[in-house]
Amino acid sequence: MAQPIRHFLQFADLSTDELQHVFARASLIKERFKRYEFYQPLRDRTLAMVFEKASTRTRVSFEAGMYQLGGSVIHLTTGDSQLGRAEPIEDTARVISRMVDLVMIRTYEQAKIQRFAKSSRVPVINGLTNEYHPCQILADVFTFIEHRGSIAGRTVAWIGDANNMAYTWIQAARLLGFTLHVSTPPSYPLDARLSVTGPHLKVFDLPLEAARGADLVTTDVWTSMGFESENEVRRKAFTDWCVDSEIMAAASPQALFMHCLPAHRGEEVTEEVLEGPQSVVWDEAENRLHVQKALMEYLLLGHEVT
Ligand code: CP
Ligand code: NVA
């Protein structure tokens, strides 16, 4: 009997065991790739990427990753497809998924990607929505594991906006057994509908308190894509939510710093922290490539891999 299609629309779409499998595969795939070993399990397979927002890392990592696995890629944007001319998303999904083997989408509302997935014959991957950015957190957790070992039992401090990254970290904390400390400005609290509560989530008024003793401090831009009209108001509200050396000093002496990038130096993070010895932002960006190769492999081939 055919297996049901697996999508990766949010982090919690994979179980803890499946996430551990993807991390283990990412490690092996990365190692082999660095040794110039040929590994092309997705020959003849095609990935369609639909971008309704800008991207550098997501586009390059998915495109390079799919080619490296032996497949090919089609890049679509709202402007150059019928999506921009109001073809229903369900119709687009039915057509594209008869022609390709995987679809990655970066768009606005999570509801849109869910509608697409419902009409898709092939796995759909969330390449960022307003609500979640699961591929980025796969890379971030993988990067933590590479530098510090298991993330279970650790503390991660999220300092900044209650955005797609924050909501994905919350899901990751619950699934992978670590504690997430969150501090956002009072006028930008977490949306309760996107924040599963429990011992894995602790909310702090002050960023310094959230950072205390953390094994990882992480942040993101004050204004995410799609919210640019709020830029000026946000700039004022977020002034104290800047990861600087004082915040890093409150964290564990071994704490890492992460940022999904692009970063605005002098806003959510100082130049000193971003370029400092605790920062692993470039490893984090590179690891998008390796974890997404493992993810695509898993969604198409399951555990039957070499
Ligand atoms: N971090 C991230 O997703 O970057 P891009 O917007 O460049 O894809
Ligand atoms: N929160 C940011 C992440 C960019 C990769 C945004 O959505 O714009």
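What comes next is a walk through the structure. Here the structure is a predicted model, which means the values were calculated and not measured. (Residues numbered from 1 in each chain as written. Chains lettered and ligands numbered in written order. Predicted model: local features only at pLDDT ≥ 70, side-chain atom pairs only at ≥ 80, totals over all residues. Heavy atoms only, no water.)

## Let's talk about the overall build of the protein
Right, on to step 1. Of the regular secondary structure elements, the protein holds 11 helices and 9 strands.
Right, on to step 2. A globule of 306 residues ought to have a C-alpha radius of gyration of about 19 Å, and the protein, at 19 Å, matches this closely.
Right, on to step 3. The dimensions of the protein, computed from C-alpha atoms along their principal axes, are 50 × 45 × 35 Å.
Right, on to step 4. The burial tally for the protein puts 57% of its 306 residues in the buried class.
Right, on to step 5. In the protein, once contacts between residues fewer than 6 apart in sequence are set aside, the share between residues at least 24 apart is 72%.
Right, on to step 6. For the protein, the accessible area works out to roughly 13,400 Å², and carbon and sulfur atoms hold 53% of it. (Helix = DSSP H or I, 4+ residues; strand = E, 2+ residues; numbered from the N terminus. Rg over C-alpha atoms; globule rule 2.2 N^0.38 Å. Buried < 20%, exposed > 50% of the residue type's maximum accessible area, 1.4 Å probe, protein only. Contact = heavy atoms within 4.5 Å. Areas by Shrake-Rupley, 256 points an atom, 1.4 Å probe, with all protein chains shown as cover.)

## Regarding the environment of Gly266
Right, on to step 1. Along the chain, Gly266 falls in the loop between strand S9 (256-259) and helix H10 (271-274).
Right, on to step 2. A relative accessible area of 57% places Gly266 in the exposed class.

## Observations concerning the site of ligand 1
Right, on to step 1. Ligand 1 sits among Ser55, Thr56, Arg57, Thr58, Arg106, His133, Gln136, Cys260, Leu261 and Arg288.
Right, on to step 2. Take Ser55: an N or O atom from its side chain is 2.7 Å from an oxygen atom of ligand 1.
Right, on to step 3. Bound to the protein, ligand 1 loses 95% of the 250 Å² it would expose on its own.
Right, on to step 4. Split into classes, the residues belonging to the shell around ligand 1 amount to 2 nonpolar, 5 polar and 3 charged. (Near = heavy atom within 4 Å. Polar contact = N/O pair within 3.5 Å; in protein donor to acceptor, adjacent residues only side chain to side chain. Nonpolar A, V, L, I, M, F, W, Y, C, P; charged D, E, K, R; others polar.)

## Quick word on the pattern of salt bridges
Right, on to step 1. Enumeration according to the criterion identifies 21 salt bridges in this entry.
Right, on to step 2. A salt bridge links Asp101 to Arg45; the nearest nitrogen and oxygen atoms lie 2.9 Å apart. Taken together, the residues Asp101 in the loop between helix H3 (89-99) and strand S3 (102-106) and Arg45 in the loop between helix H1 (16-34) and strand S1 (46-51) connect sequence positions 56 residues apart.
Right, on to step 3. Given the relative accessible area of 15%, Asp101 is considered buried.
Right, on to step 4. Taken together, the shared-partner salt bridges in this structure form one network comprising Glu31, Arg32, Arg35 and Glu37. (Salt bridge = Lys/Arg side-chain N within 4 Å of Asp/Glu carboxyl O.)

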